[in-house]
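Remarks on the overall topology
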Amino acid sequence: MTDPFTLVLVGCGKAKHEGRMAAKNKYSSNYFTLKREYAETTGDSWIIVSAEYGLLHPIERIDDYYTTVSGMTDEERQKWAEGVSTSFTRVLGMICDKLDYVQIHLLLGKDYREPVVDAITSIQLHADVKIIDPFEGTSGIDEQMSVLKEATR
């Protein structure tokens, strides 16, 4: 079997650098930096899941924003989740049309994870898709950061 194509989905971060810049450089926390390192060393490609923008390519330039999923009303959160799910369905469909085996690593919190998993489970794919959650069994950011540090050694 051929090695799988690995796509890593990375949740955005609250701490940000000011000004317009590439999304991969926008988030300033150590936690995001570790997720980025994991994505760049483990994945063939990676996508940032943002509360403001939905799915972002790492080099896509973005402006300052302060939107959080937890700060959204139920209606706003539902609309955001539908947009993320629709966008991810499109991305995954393009990838799976060309490949036989895809691994998706989720470096996402619960609010970010649900629309992505819903998209994966709701569409008919032409590839074998495996979801990998490196944070499974962890309880909090400290444990997650330890997992990321270990994985990127």
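Here the structure is shown first, and the text comes after it.
My aim in this report is to walk through the structure given alongside it, one point at a time. (Residues numbered from 1 in each chain as written. Predicted model: local features only at pLDDT ≥ 70, side-chain atom pairs only at ≥ 80, totals over all residues. Heavy atoms only, no water.)

Turning next to the packing of aromatic side chains. The tally for this structure, following the rule as stated, stands at 5 aromatic pairs. Relative to Tyr65, the ring of Tyr27 has its centre 6.4 Å away and its plane inclined at 75 degrees; by these criteria the two rings are edge-to-face. Placement of Tyr27 in the loop between helix H1 (23-26) and helix H2 (30-42) and of Tyr65 in the loop between strand S5 (61-62) and helix H3 (74-98) is noted, with a sequence separation of 38 residues between them. Assessed through its relative accessible area of 3%, Tyr27 is described here as buried. Under the relative-accessibility criterion, Tyr65 is labelled buried at 4%. Ring geometry for Trp80 versus Tyr112: centroids 5.4 Å apart, planes at 80 degrees, classification edge-to-face. On the criterion of sequence distance, the pair formed by Trp80 in helix H3 and Tyr112 in helix H4 (residues 110-122) is long-range, its members being 32 residues apart. By relative accessible area, which is 9% here, Trp80 ends up buried. A cation over an aromatic ring shows up here: Lys16 above the ring of Tyr65, its NZ or CZ 4.5 Å from the ring centre. (Phe/Tyr/Trp six-rings, centres within 6.5 Å; stacked < 30°, edge-to-face > 60°. Helix = DSSP H or I, 4+ residues; strand = E, 2+ residues; numbered from the N terminus. Buried < 20%, exposed > 50% of the residue type's maximum accessible area, 1.4 Å probe, protein only. Lys NZ or Arg CZ within 6 Å of the ring centre and 35° of its normal.)

What follows is about the packing of H3 against H4. Where H3 meets H4, the closest approach of the two axes is 8 Å, and the angle between their N-to-C directions is 45 degrees. Relative to H4, the element H3 lies oblique. Here H3 and H4 pass one another in a crossing that is right-handed. Contacts between H3 and H4 pair Trp80, Ala81, Val84, Ser85, Phe88, Thr89 and Leu92 from the former with Asp111, Tyr112, Pro115, Val116, Ala119 and Ile120 from the latter. Its residues assigned to classes, the contact of H3 with H4 shows 10 nonpolar, 2 polar and 1 charged. (Axes fitted to C-alpha atoms, helices over the stretch in contact; angles between N-to-C directions. Parallel < 35°, antiparallel > 145°, perpendicular 65-115°, else oblique. Left-handed = near helix turned anticlockwise from the far one by under 90°. Contact = heavy atoms within 4.5 Å. Nonpolar A, V, L, I, M, F, W, Y, C, P; charged D, E, K, R; others polar.)

This part is about the pattern of salt bridges. Using the criterion set out here, one finds 7 salt bridges in the structure. Ionic pairing is found between Arg20 and Asp63, a salt bridge with its closest N-O pair at 3.2 Å. Residue Arg20 is located in the loop between strand S1 (5-11) and strand S2 (21-22), and its partner Asp63 is located in the loop between S5 and H3; the two are separated by 43 residues in the primary sequence. Owing to a relative accessible area of 48%, Arg20 belongs among the partly exposed residues under this scheme. (Salt bridge = Lys/Arg side-chain N within 4 Å of Asp/Glu carboxyl O.)

What follows covers the nonpolar core. By size, the foremost hydrophobic cluster in this structure holds 44 residues, and its most contacted members are Leu9 and Phe88. When contributions to this core are tallied by element, the ones reaching two or more residues are S1, H2, strand S3 (45-50), strand S4 (54-56), H3, strand S6 (101-107), H4 and helix H5 (141-151). Filtering out sequence-adjacent residues up to four positions away, Phe88 remains in contact with Leu7, Leu9, Leu55, Ile104, Val116, Ala119 and Ile120. (Core = buried A, V, L, I, M, F, W, Y, C linked by side-chain atoms within 4.5 Å.)

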